[in-house]
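Analysis of the macromolecular model
Listed below are the residues making up each chain.
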Amino acid sequence: MTASGEWPLYEVFVRGKRGLNHVHVGSLHAADDEMAVRNARDVYTRRNEGVSIWVVRADAITASSPDEKDPLFAPSGDKVYRHPTFYDIPADVPHM
Amino acid sequence: MAMSTTGPAAEAELERQFEETIARHDRIEPRDWMPEGYRATLVRQVAQHAHSEIIGMQPEGSWITRAPSLRRKAILLAKVQDEAGHGLYLYSACETLGVSRAELTEKLLSGRQKYSSIFNYPTLSYADVGTIGWLVDGAAICNQVPLCRTSYGPYGRAMIRICKEESFHQRQGYELLMTMMRGTDAQRAMVQESVDRFWWPALMMFGPPDAESPNTARSLAWGVKRDTNDDLRQKFVDMTVPQAERLGVTLPDPGLAWNEERGHHDFGEPDWEEFAQVVRGEGPCNAQRLAHRRRAHEDGAWVREAASAYAARQAAHPGGEAERQDAHEESAR
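This report concerns the structure included in the present document.

What chain A contains, in helices and strands, is 2 helices and 3 strands. For chain A, the α and β elements follow one another from N to C terminus as β-β-α-β-α. Of the roughly 7000 Å² of accessible surface on chain A, a fraction of 55% belongs to carbon and sulfur atoms.

Encoded structure:
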């Protein structure tokens, strides 16, 4: 339990089908990890929405802060040469 | 943090960024700065919505044990379970605004936060299960589809999940009523009586007329709401009239008529005095609904405590269960 006496918050990630990544679908409270998985099944996969579930305590997640948006993502901002459209290739070159 | 977040200048800059995001029709996400009024508006709306889903389990839940067939019972169980799920999606979304679940629960139980007034009407006959699916969930869909585009990300995502599931709710209700309309005269009368009772309360689900809805303009400007109460009410009436004709029931409004010029149906005014009464807590079932919810919460306390105690013990002695099992087998030998 957390200091406030509430069950901890878990974030829930579901793999929709084989071949896809787990995707964040929402959150829920549970007393422990096992209950979190069971509750996630009942809350987020009542209609075959998933083949696999991850749960992780929300307080275990480290996130980038929105205030740090510019410095954190700046390194990719000025590297347009990482995108295929940066390169000029004549239209008549096949299979490119 | 690179940027100071205090002082009026910094606050004005944050507000400008917020307004820009709204103007771009981009979504606001939980860790973004937002004006206190925006946060408070969302907490009120999302909490009321979540509470409605939870209280909304009661009117139909009372028919589960009396459903006329196993098929109808299974459908009703699934539907009521969905309502619980919808409540949980919405509580999650609301918690991203910095409110705790315990606080939301407490405010529902103490009556300080509201839920939709429609659930303060009783379900007197089995036909009400069908009528609720058709009219009440139909009105809810009208309200909720535009909310999939609401400006607050977690709320919009919860609405997308909910809307996908609501369609089943409405269709099962209409199918139930169609089945009864193919039955005996008594069954047809039961459907008509049920529609007579639910039509006006369903229209009230869209809230007071625009002229008397003080929050509408602000909510529209912030993109929290996407349409006015009166626009959504009109849309619902236009959608429902042909469905009623096909079903063979009469909607209890002598003023209901197609208006060629407007391209919409004209319809009568709901009894707003009755609406105000039910909102004040003087509806037919307000006291009963809250008392039931409080009892369920109190009766469940020992389960929550046991789960917490079990989790604490597991955390203190990982694998303790398996060891005891081994010891038991050992002593049995």
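What follows is about the overall build of chain B. If you tally the helices and strands in chain B, you get 14 helices and 2 strands. Counting over 333 residues, chain B shows a buried share of 48%. Looking at chain B alone, contacts between residues at least 24 apart form 76% of all its contacts between residues at least 6 apart. Total accessible area computed for chain B in this model is approximately 16500 Å², and 56% of it derives from carbon and sulfur atoms. Charge-centre separation for chain B: the mean point of 39 positive side chains lies 4 Å from the mean point of 48 negative side chains.

Let us now look at the nonpolar core. Burial of nonpolar side chains together is a common tendency in soluble globular proteins. Among the nonpolar cores identified, the biggest contains 85 residues, and Y38, W134 and F236 of chain B are the most heavily contacted of them. Setting aside chain neighbours within four positions, we find F236 of chain B in contact with L135, G138, A139, C142, W199, A202, L203 and F206 of chain B.

On to the environment of Y155 of chain B. Here Y155 of chain B lies in helix α7 (residues 153–181). Beyond its immediate chain neighbours, meaning those up to four positions away, Y155 of chain B contacts L42, Q45, V46, H49, L90, A93, L147 and T150 of chain B.

As a further point, take the sheet that holds strand β2 (residues 22–29) of chain A. All names here are of chain A. Read across the sheet, 3 strands follow the order β2-β1-β3 without closing on themselves; strand pairing throughout is antiparallel. Of all the strands in the sheet, the pair left with one neighbour each is β2 and β3 (52–57). The average undirected angle you get between the axes of adjacent strands in this sheet is 25 degrees. Sheet analysis places strand β1 (residues 9–15) next to β3, joined by 6 bridges and oriented antiparallel. The residue of β3 that forms the bridge with R15 is S52. Across the sheet, helix α1 (residues 33–44) lies against β1, β2 and β3, angled at about 110 degrees from β2, the strand it touches most.

Attention now goes to the pairing of β2 of chain A. Residue and element names in this part refer to chain A. Summarising the sheet, β1 and β2 pair through 7 bridges and their orientation is antiparallel. Within the sheet, the bridge partner assigned to L9 lies in β2 and is H29. Adjacent in sequence and paired antiparallel, β1 and β2 are bridged by 6 residues, among which G19 carries a positive phi angle near 100 degrees.

Let us now look at the interface of chain A and chain B. Much of the literature gives interface size as the accessible area that the parts lose upon coming together. Contacts between the two partners involve 22 residues from chain A and, on the opposite side, 23 residues from chain B. Summed over both partners, the interface of chain A with chain B comes to about 1900 Å²; 50% of that surface belongs to carbon and sulfur atoms. In this assembly, chain A and chain B are joined by 4 salt bridges. Its salt-bridge partner being R46 of chain A, residue E165 of chain B comes within 2.8 Å of it at the nearest N-O pair. For the side of chain A that touches chain B, the secondary-structure elements that each account for two or more residues are β2 and α1 of chain A. Class assignment of the residues belonging to the side of chain A that touches chain B gives a composition of 11 nonpolar, 4 polar and 7 charged.

Here we take up the pattern of salt bridges. Inspection of every chain in the model, using the stated rule, returns 27 salt bridges over all chains. Within this structure, R46 and R47 of chain A together with D82 and E165 of chain B form a network of salt bridges that share partners.

Now for the environment of G255 of chain B. All names here are of chain B. Among the structural elements, G255 can be located in the loop between α10 (229–247) and β1 (257–259). What makes G255 partly exposed here is its relative accessible area of 39%. As for G255 and E269, which are separated by 14 residues in sequence, their C-alpha atoms are 9.0 Å apart. Here G255 is in contact with D266 and F267, once residues within four sequence places are set aside.

Now for the packing of aromatic side chains. All names here are of chain B. Enumeration over the complete set of coordinates arrives at 11 aromatic pairs over all chains. Between F18 and Y38, the aromatic rings sit 4.9 Å apart at their centres with planes inclined by 75 degrees, giving edge-to-face as the arrangement. Taken together, the residues F18 in helix α1 (residues 8–23) and Y38 in helix α2 (residues 36–55) connect sequence positions 20 residues apart. Judged by its relative accessible area of 3%, F18 falls in the buried class. Relative to F236, the ring of W199 lies with its centre 6.0 Å away and its plane at 20 degrees, an arrangement referred to as stacked. Of this pair, W199 sits in helix α8 (residues 185–204) while F236 sits in helix α10, placing them 37 residues apart in sequence. By relative accessible area, which is 0% here, W199 ends up buried. Judged by its relative accessible area of 1%, F236 falls in the buried class. Grouping aromatic residues by their ring pairs yields a cluster made of F18, W33, Y38 and W222. A cation sits over an aromatic face here: R66 above W63, 4.6 Å from the ring centre.

Before going further, it helps to examine unusual backbone geometry. With a phi angle near 55 degrees, H95 of chain A is a residue other than glycine that sits in the positive phi range. Note on placement: H95 of chain A falls in the segment after α2 (69–77). Unusually for a residue other than glycine, H25 of chain B sits at a positive phi of about 60 degrees. Position of H25 of chain B relative to the elements: it lies in the loop between α1 and α2.

Cut-offs used in this document
- Residues numbered from 1 in each chain as written.
- Chains lettered and ligands numbered in written order.
- Predicted model: local features only at pLDDT ≥ 70, side-chain atom pairs only at ≥ 80, totals over all residues.
- Heavy atoms only, no water.
- Helix = DSSP H or I, 4+ residues; strand = E, 2+ residues; numbered from the N terminus.
- Areas by Shrake-Rupley, 256 points an atom, 1.4 Å probe, with all protein chains shown as cover.
- Buried < 20%, exposed > 50% of the residue type's maximum accessible area, 1.4 Å probe, protein only.
- Contact = heavy atoms within 4.5 Å.
- Lys, Arg positive; Asp, Glu negative; His and termini not counted.
- Charge placed at Lys NZ, Arg CZ, Asp CG, Glu CD.
- Core = buried A, V, L, I, M, F, W, Y, C linked by side-chain atoms within 4.5 Å.
- Pairing = 2+ DSSP bridges.
- Axes fitted to C-alpha atoms, helices over the stretch in contact; angles between N-to-C directions.
- Buried area = accessible area lost by both parts, 1.4 Å probe.
- Salt bridge = Lys/Arg side-chain N within 4 Å of Asp/Glu carboxyl O.
- Nonpolar A, V, L, I, M, F, W, Y, C, P; charged D, E, K, R; others polar.
- Phe/Tyr/Trp six-rings, centres within 6.5 Å; stacked < 30°, edge-to-face > 60°.
- Lys NZ or Arg CZ within 6 Å of the ring centre and 35° of its normal.

Purely geometric numbers; function is a separate question.
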